[in-house]
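Here is what each chain is made of, one letter per residue.
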Amino acid sequence: MTARRILRLSGADTVTFLQGLVTNDVDKLDQGLVYAAILTPQGKYLADFFLARDGDDVLLDVAEELADGLVKRLSMYKLRADVQIADSGLNLQRGSGEAPEGALPDPRHGEMGWRAYSAAPASDDGTDWDAIRVAHCIPETGVELTPDSYILESGFEVLQGVDFKKGCYVGQEVTARMKHKAELRKGLRQVVVEGETPAGSEIVANGKPVGTLFTQSGGKGIAYLRFDRAKGDMQAGEATVRLA
């Protein structure tokens, strides 16, 4: 399980502050977990995370590797807003079976189970999350989601990670333009993989680069592809790759 840090955001301006920064509608917190990202002004991915209501506060569940950078970025935007950012002291419990009291469904897909936050040690019920992610083309922090990613190419619309009616946020103009004025020419797709090759292998077709193969499970994988070249049998190292 990817190590996570659970931050606590508190203060009278917390929801308004987040609403002007993240890709999803923070007002949805009263309905459950909110999956969102924060972007650069150029619309590229910086971090993805889950937001959860905890009384008057908001918990932010982010990959440990991104946590320090995210705190620094949020603090930079905070200015004089009444928002305090601190470690919550809570841990993530996660599973795909029967959800315990207080757990919330993962909003990205029904098969991604539930998430809960408490002082108990971090835990996971042993679910093969990679298999589920590959089956539904769900990207993972630091694997398919990198500083070069655009969230629409990464499937955030299908994953309930972006809201096009909420108003402005950092990177919103680029994201909206990709949604309304352009057909995506690149993005994540599920592929069939015959053979073995490391994650991160370049995919080639007819001697031309097509994209990159990432997470693999059960003879399938998640690949970032240039769609106009992703045709027929392609090669990734010693493996043959084709669109699923």
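Residues numbered from 1 in each chain as written. Predicted model: local features only at pLDDT ≥ 70, side-chain atom pairs only at ≥ 80, totals over all residues. Heavy atoms only, no water.

## Structural notes on the pairing of strand S1 (residues 4-10)
Here comes step 1: In terms of residue burial, S1 counts as a mostly covered element, since 6 of its 7 residues are buried.
Here comes step 2: The pairing of S1 with strand S4 (residues 57-63) spans 6 bridges and is antiparallel. Bridged to Arg5 within S4 is Val62.
Here comes step 3: Judged from the 4 bridges that link them, S1 and strand S5 (residues 84-87) form a sheet pairing that is antiparallel. Within the sheet, the bridge partner assigned to Arg8 lies in S5 and is Ala86. (Buried < 20%, exposed > 50% of the residue type's maximum accessible area, 1.4 Å probe, protein only. Helix = DSSP H or I, 4+ residues; strand = E, 2+ residues; numbered from the N terminus. Pairing = 2+ DSSP bridges.)

## Looking at the sheet that holds strand S6 (residues 91-95)
Here comes step 1: The sheet built from 4 strands is open, its strands ordered S7-S8-S6-S9 with mixed pairing. The sheet terminates laterally at strand S7 (104-105) and strand S9 (123-124), the two strands that pair on one side only.

## Details of the environment of Val15
Here comes step 1: Within the secondary structure, Val15 sits in helix H1 (residues 14-19).
Here comes step 2: Taking the C-alpha atoms as reference points, Val15 and Asp25, separated by 10 residues in sequence, lie 9.8 Å from one another.
Here comes step 3: Ignoring sequence-local partners within four residues, the contact set of Val15 consists of Val26, Asp27, Arg53 and Val58. (Contact = heavy atoms within 4.5 Å.)

## So, the pattern of salt bridges
Here comes step 1: In this structure the tally under the stated criterion is 19 salt bridges.
Here comes step 2: Measuring nitrogen to oxygen at the nearest pair gives 3.1 Å for the salt bridge that ties Glu144 to Arg133. Taken together, the residues Glu144 in the loop between helix H3 (129-136) and helix H4 (172-180) and Arg133 in helix H3 connect sequence positions 11 residues apart. The residues Glu144 and Arg133 share a single accessibility class, namely buried. (Salt bridge = Lys/Arg side-chain N within 4 Å of Asp/Glu carboxyl O.)

## Brief notes about the layout of surface pockets
Here comes step 1: For the largest pocket, the calculated volume is near 310 Å³.
Here comes step 2: Along the wall of the largest pocket there are 16 residues; nearest its centre are Leu152, Ser154, Gly155, Val158 and Arg189.
Here comes step 3: Residue assignment for the lining of the largest pocket shows that the elements contributing at least two residues are H4 and strand S10 (186-194).
Here comes step 4: In the lining of the largest pocket, the residues fall into 7 nonpolar, 4 polar and 5 charged. (1 Å grid on protein atoms, 1.4 Å probe; cavity = no way out; pocket = protein on both sides within 12 Å on 5 of 7 lines; lining within 4 Å. Points joined across faces, edges and corners; volume = space filled by probe spheres on them. Nonpolar A, V, L, I, M, F, W, Y, C, P; charged D, E, K, R; others polar.)

## A short note on the side chain of Asn24
Here comes step 1: Tracing the backbone shows Asn24 in the loop between H1 and strand S2 (34-39).
Here comes step 2: Classification of Asn24 as buried rests on a relative accessible area of 3%.
Here comes step 3: Polar contacts involving the side chain of Asn24 include one to the main-chain carbonyl oxygen of Gln160, which spans 2.8 Å. (Polar contact = N/O pair within 3.5 Å; in protein donor to acceptor, adjacent residues only side chain to side chain.)

## Some details on the pairing of strand S13 (residues 220-226)
Here comes step 1: One ladder, built from 7 bridges, connects S10 with S13; its direction is antiparallel. Among the inter-strand pairings, Lys186 is bridged to a residue of S13, identified as Arg226.
Here comes step 2: Bridging between strand S12 (residues 208-217) and S13 involves 5 bridges; their strand directions are antiparallel. Across the sheet, residue Gly211 finds its bridge partner in S13, namely Leu225.
Here comes step 3: Once S12 ends, the chain turns through 2 residues before running back antiparallel as S13, passing Gly218 with a positive phi of about 60°.

## Examining the sheet that holds S5
Here comes step 1: Within the open sheet, the 5 strands sit side by side as S2-S3-S4-S1-S5. Their pairing is antiparallel. This sheet does not close on itself; its edge strands, each paired only once, are S2 and S5. Averaged over all adjacent pairs, the angle separating strand axes in this sheet is 30°, with direction ignored.
Here comes step 2: Where strand S3 (residues 45-54) meets S4, 6 bridges bridge the pair, whose relative direction is antiparallel. The residue of S4 that forms the bridge with Arg53 is Val58. (Axes fitted to C-alpha atoms, helices over the stretch in contact; angles between N-to-C directions.)

## Notes on the domain arrangement of the chain
Here comes step 1: Split into domains, the chain comes out as domain 1 (4-180) and domain 2 (185-243).
Here comes step 2: Using C-alpha coordinates to define each centre, domain 1 is positioned 28 Å away from domain 2.
Here comes step 3: With 13 residues of domain 1 at the interface, the matching set in domain 2 holds 13 residues.
Here comes step 4: Carbon and sulfur atoms make up 63% of the area that domain 1 and domain 2 hide from each other, which totals about 1000 Å².
Here comes step 5: Contact with domain 2 buries area across many residues of domain 1, yet Val134, Glu144 and Glu153 alone supply 57% of it, more than any other trio.
Here comes step 6: For the pair domain 1 and domain 2, the number of links is 6 residue pairs in polar contact (both at pLDDT 80 or more).
Here comes step 7: Of the residues that constitute the side of domain 1 that touches domain 2, the class distribution is 7 nonpolar, 1 polar and 5 charged. (Domains from an automatic or database assignment. Buried area = accessible area lost by both parts, 1.4 Å probe.)

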